[in-house]
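Each chain, letter by letter, is given below.
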Amino acid sequence: MLFEELKPKVYQILNNNDQSVTDRLHLICKLLNDSIDYYNWVGFYFKNGDKEELKLSTYVGEETDHVIIPFGKGICGQVAVSNQNFVVPDVQAQDNYIACSLTVKSEIVIPLFKDGENIGQIDIDSETPDPFTEKDERFLEFVNQEVAKIL
Ligand code: SME
C-alpha cells in the first residue's frame with residue numbers, strides 16, 4: 001500500500017546528510033504533498049525557542065499568514081499543549097480553529113517528540129472532507145519519529 005511504499009523514500013530523504021535539515025524537511029513535505037492526493041498543504045511547526053508559541057518551519061502549499069501560533073490557539077496550538085494527535089474531519093465544526101484558506105475542509109496535526117519532549121508537529125490540510133484514517137496517523141507518527149532522529 002501507498003504508505004508502505006513511501007517509508008523507504010522518507011528514510012532516503014532524511015538520511016541524506018549532504019543536505020541541511022530544513023532542506024530535508026522540505027523534501028518530506030514535497031514527497032507527502034505530491035504522493036497523497038488529499039494532502040493539500042504539508043508543513044512543520046516547531047516550538048519557537050523558549051517562547052510559548054510555534055513557528056512555521058518549511059512547508060509546501062499555499063502561503064500562510066500563520067507563521068507564529070501561540071500555544072493553545074488553533075488546532076496546532078492545542079496539539080502543542082495536549083501532546084496528542086488531533087484529527088479534524090470538518091474544520092468548520094471547530095471553535096478553536098485558525099483558517100488558512102477557505103478551500104480547506106479538514107486537518108490532521110501530529111506532535112513531534114524528541115527525547116520525550118513535544119518540540120513541534122507536522123500539520124496537514126486537506127480540501128477533502130473527512131479523509132484521514134488511523135493509517136494516516138500511524139504513517140505520520142513514523143515520519144515524525146524519523147525526523148526526530150536528525151534533529
Ligand atoms: N489551521 C491551523 C493553522 C495552521 S494552517 O493550517 C497552515 C490551526 O488551526 O492551528
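Look a little higher up for the structure.
This is a predicted model, so every value here is computed, not measured. Note that residues are indexed from 1 along each chain, following the sequence as it is written. A pLDDT threshold of at least 70 governs which residues receive local features in this predicted model, and a stricter bar of 80 or more applies before side-chain atom pairs are shown or counted, although totals over entire chains, interfaces and linings include all residues. Water and hydrogen atoms play no part in the side-chain values, which are based on all heavy atoms of the structure.

Observations concerning the site of the ligand
Selection criterion: Near is defined per residue: the residue qualifies when any heavy atom it owns lies within 4 Å of the molecule or strand. Within 3.5 Å is the distance limit for a polar contact, defined as a pair of N or O atoms, with the added protein rule that one can donate a hydrogen and the other accept it, and that residues adjacent in sequence qualify only through two side-chain atoms. A 1.4 Å probe and the Shrake-Rupley method give the accessible areas. Residues count as covered only by the protein chains that appear here. In this text, helices come from DSSP runs of H or I with a minimum length of four residues, and strands from runs of E with a minimum of two, each type numbered from the N-terminal end. Residue polarity is assigned by list, with Asp, Glu, Lys and Arg as charged and Ala, Val, Leu, Ile, Met, Phe, Trp, Tyr, Cys and Pro as nonpolar; anything else, Gly included, falls into the polar class.
Taken together, the neighbourhood of the ligand is formed by Trp41, Tyr45, Ile69, Gly74, Ile75, Cys76, Tyr97, Ile98, Cys100, Glu107, Asp123 and Asp125. Contact distances for the ligand include 3.4 Å between an oxygen atom and a side-chain N or O atom of Asp123. Note that an oxygen atom of the ligand is positioned 2.9 Å from one of the side-chain N or O atoms of Asp125. Coverage of the ligand by the protein amounts to 100% of the 310 Å² it exposes when considered alone. The dominant element in the shell around the ligand, judged by the number of residues it contributes, is helix α3 (residues 74–82), at 3 residues. Here the shell around the ligand is composed, by residue class, of 8 nonpolar, 1 polar and 3 charged.

Considerations on the pattern of salt bridges
Going by this rule: In what follows, salt bridge is the name for a side-chain nitrogen of Lys or Arg lying within 4 Å of a carboxyl oxygen of Asp or Glu. Categorising residues by exposure relies on relative accessible area from a 1.4 Å probe, with only protein chains included: less than 20% of the type maximum marks a residue as buried, more than 50% marks it as exposed, and the intermediate range marks it as partly exposed.
With the rule as written, the count across this model stands at 6 salt bridges. Lys7 serves as the salt-bridge partner of Glu4, at 3.4 Å between the closest nitrogen and oxygen. Of this pair, Glu4 and Lys7 both sit in helix α1 (residues 2–14), 3 residues apart, roughly one helical turn. Taking the relative accessible area as the measure of exposure, Lys7 reaches 23% and is therefore partly exposed. Between Arg138 and Glu141 there is a salt bridge; the shortest N-O distance is 3.0 Å. With Arg138 and Glu141 both in helix α4 (residues 134–150), this residue pair falls 3 residues apart, about one helical turn. The partly exposed category is assigned to Arg138, whose relative accessible area is 43%.

Details of the packing of α1 against helix α2 (residues 21–35)
To be explicit about the condition: Whenever a helix is involved, its axis is fitted only over the stretch in contact; in every case the axis is a line through C-alpha atoms, and angles between N-to-C directions fall within 0 to 180 degrees. Reported orientations rely on four angle classes, namely roughly parallel under 35 degrees, roughly antiparallel over 145, roughly perpendicular from 65 to 115, and oblique for the rest. A crossing counts as left-handed when the near helix is turned anticlockwise from the far one by less than a right angle, and as right-handed when that turn is clockwise. Contact definition: two residues touch when any of their heavy atoms are within 4.5 Å.
Where α1 meets α2, the axes come as close as 10 Å, and the angle between the chain directions of the two elements is 160°. Our classification of the angle between α1 and α2 gives roughly antiparallel. Our pair here, α1 against α2, has a crossing hand that is right-handed. Residues Leu2, Leu6, Lys9, Val10, Ile13 and Leu14 of α1 lie in contact with α2, whose contacting residues are Arg24, Leu27, Ile28, Leu31 and Ser35.

Some remarks on the pairing of strand β5 (residues 106–114)
Regular strands place their side chains on alternate faces of the sheet. Which entries qualify depends on this criterion: Should DSSP find at least two bridges between two strands, the strands are taken to pair.
Within β5, 7 of the 9 residues are buried, which leaves it mostly tucked inside the rest of the structure. In this sheet, β5 lies alongside strand β4 (residues 86–88) in antiparallel orientation, the contact comprising 3 bridges. When the sheet's bridge partners are listed, Val87 is paired in β5 with Ile108. With 9 bridges connecting them, β5 and strand β6 (residues 117–126) associate as antiparallel partners. If you follow Val109 over to β6, its bridge partner there is Asp123. Between the end of β5 and the start of β6, which pair antiparallel, lie 2 residues, with Asp115 showing a positive phi angle near 50°.

Comments concerning α3
Those residues of α3 not exposed but buried are Gly74, Ile75, Cys76, Gly77, Val79 and Ala80. Where α3 is buried, its residues touch β1 (41–47), β2 (53–60), β3 (68–70), β4, β5 and β6. Looking one or two places after α3, you find Asn83, whose phi comes out positive at around 65°.

Here we look at unusual backbone geometry
Not every positive phi belongs to a glycine, and Asn83 is a case in point at roughly 65°. Looking at the element boundaries, Asn83 is found in the loop between α3 and β4. Note on Asn83: relative accessible area 38%, which makes it partly exposed.

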